[in-house]
Amino acid sequence: MITLCRFGPAWETFGCISQFVLKVETYLRMAGIEFETRSLGAGFAETAPKGKLPYIEHDGERIADSGFIIDYLKAHFGDPLDGSLSAVDRARGHTIRRMIEEHIWWVMARERWTAPEAPYWNTPGLLEGVDEATYAGVREDNLRKCLEHGVGGFTEDELDARGREDLDALAALLGTQTYLLGEQATSVDATAYAFLWQILNAPYASRLKDAASGHANLVAYVARMSDAYFADDPMSMAREVASP
Ligand SMILES: N[C@@H](CCC(=O)N[C@@H](CS)C(=O)NCC(=O)O)C(=O)O
């Protein structure tokens, strides 16, 4: 059995606040691999091999980083989603994935840490055991990371423009197709779905959400993926197991 280690449920409808956790969960569901979830909350760094979530446990091993996790799952359970992709489609998927994970993620991070609603702090239970001073330190550290990346220095309009460019590109690439690479779902859809779902369901004012909501095909794509893969136990509450 695969155990997917996550932060845990939050914001009423989120199984986890992490886009990368939702990516792996989506992949597991798409590939039909049985899994359970374990919510680690704010203490995740004690066991996370790379200091971040997600990681999985399988056969006594811990594998961290969503990309390495999917490589591991493909090696152990086969590659039903990407196995027959052409080299060009593989490259297209890779490029889309990198744009989402290495750019849209930062736009989201900046929005989440600067949103007036302070969604991480003002959600009961999410940061259990974390005091206000510790939260302020973590926030400051994340704002510094945003500055080092570059998004931290953008004006709100510049941030909005950067996010819109990516979403416009995604919407154009999807077009009228069912999935990002055509009529078959592939692993890049796990990334795209995870990020778009979280953008569209953001429980804080978000210009990225406004931009995504303006693309009817992206909204329909997320709804289609939700129906196909998340109709059962959408927050994976029935799959949750306690820490050993
Ligand atoms: N490249 C990693 C990124 C994972 C990542 O950034 N996780 C974030 C949550 S979305 C995290 O654990 N942040 C906690 C921290 O940096 O302290 C992956 O693909 O899994």
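Preceding this section is the structure that the text describes.
Residues numbered from 1 in each chain as written. Predicted model: local features only at pLDDT ≥ 70, side-chain atom pairs only at ≥ 80, totals over all residues. Heavy atoms only, no water.

Asks: A description of the site of the ligand should follow, citing residues and the corresponding values.
Replies: In the vicinity of the ligand, the contacting residues are F7, S18, Q19, F20, F44, K52, L53, P54, D65, S66 and W105. With respect to the ligand, the side chain of D65 contributes an N or O atom lying 2.9 Å from a nitrogen atom. A distance of 2.5 Å separates an oxygen atom of the ligand from a polar side-chain atom of S66. Here the ligand loses 77% of its free accessible area of 510 Å² to cover by the protein chains. Given that more than half its atoms are within 2 Å of the pocket grid, the ligand belongs to the largest pocket. Residues belonging to the shell around the ligand are distributed by class as follows: 6 nonpolar, 3 polar and 2 charged. (Near = heavy atom within 4 Å. Polar contact = N/O pair within 3.5 Å; in protein donor to acceptor, adjacent residues only side chain to side chain. Areas by Shrake-Rupley, 256 points an atom, 1.4 Å probe, with all protein chains shown as cover. 1 Å grid on protein atoms, 1.4 Å probe; cavity = no way out; pocket = protein on both sides within 12 Å on 5 of 7 lines; lining within 4 Å. Sits in = over half its atoms within 2 Å of the grid points. Nonpolar A, V, L, I, M, F, W, Y, C, P; charged D, E, K, R; others polar.)

Asks: For the nonpolar core, give the residues involved together with the corresponding values.
Replies: Membership of the largest hydrophobic core comes to 76 residues, with the highest contact counts inside it found for I56, L73, L167, L170 and Y221. By residue number, the principal contributor to this core is helix α6 (residues 187-200), which donates 10 residues. With residues near it in sequence (within four places) discarded, Y221 still touches L174, T178, Y179, L180, D189, A192, Y193 and L196. (Core = buried A, V, L, I, M, F, W, Y, C linked by side-chain atoms within 4.5 Å. Buried < 20%, exposed > 50% of the residue type's maximum accessible area, 1.4 Å probe, protein only. Helix = DSSP H or I, 4+ residues; strand = E, 2+ residues; numbered from the N terminus. Contact = heavy atoms within 4.5 Å.)

Asks: Any chance you could break down the layout of surface pockets for me, citing the residues and the numbers?
Replies: Empty space left among the atoms is revealed by rolling a probe the size of a water molecule over them. Space inside the largest pocket adds up to approximately 1300 Å³. The wall of the largest pocket is formed by 42 residues, among which F7, F44, K52, L53 and W105 lie closest to the centre. A per-element tally of the lining of the largest pocket places helix α3 (residues 87-114) first, with 8 residues. The residue makeup of the lining of the largest pocket, split by class, is 21 nonpolar, 12 polar and 9 charged. (Points joined across faces, edges and corners; volume = space filled by probe spheres on them.)

Asks: Lay out the pattern of salt bridges with the relevant residues and their values.
Replies: Tallied over the full model, the rule gives 17 salt bridges. We note a salt bridge from D233 to R239, for which the minimum N-O separation is 3.1 Å. Judged by its relative accessible area of 15%, D233 falls in the buried class. Salt bridges sharing partners connect three or more residues here, namely D141, R144, K145 and E148. (Salt bridge = Lys/Arg side-chain N within 4 Å of Asp/Glu carboxyl O.)

Asks: Can you lay out the packing of helix α1 (residues 19-31) against α3 for me, pointing to particular residues and giving the numbers?
Replies: One way to put it is that α1 packs onto α3 with a least axis distance of 11 Å and a crossing angle of 140°. Put simply, α1 runs oblique to α3. The segment α1 lies against α3, with Q19, F20 and K23 engaging R97, E101, W105, M108 and R112. (Axes fitted to C-alpha atoms, helices over the stretch in contact; angles between N-to-C directions. Parallel < 35°, antiparallel > 145°, perpendicular 65-115°, else oblique.)

Asks: Run through the packing of aromatic side chains, naming residues and quoting values.
Replies: For the coordinates displayed, the defined rule picks out 12 aromatic pairs. Between the aromatic rings of Y193 and F230, the centroid separation amounts to 5.3 Å while the plane-to-plane angle is 25°, which identifies the pairing as stacked. With a gap of 37 residues between them, Y193 in helix α6 and F230 in the segment after α8 (216-229) connect regions that are remote in the sequence. Overall, the relative accessible area of 7% leaves F230 in the buried class. (Phe/Tyr/Trp six-rings, centres within 6.5 Å; stacked < 30°, edge-to-face > 60°.)

Asks: Before we move on, can you summarise the pairing of strand β1 (residues 2-6) with the specific residues and values?
Replies: With 5 of its 5 residues buried, β1 lies for the most part within the structure. Inspection of the sheet shows β1 paired to strand β2 (residues 35-39) by 5 bridges, in the parallel sense. Each bridged residue has a counterpart across the sheet, and for I2 the counterpart in β2 is F35. Handedness of the crossover joining β1 and β2 through α1: right-handed. (Pairing = 2+ DSSP bridges. Right-handed = clockwise from strand over helix to strand, strands pointing away.)

Bear in mind that shape data such as this cannot, by itself, settle questions of function.
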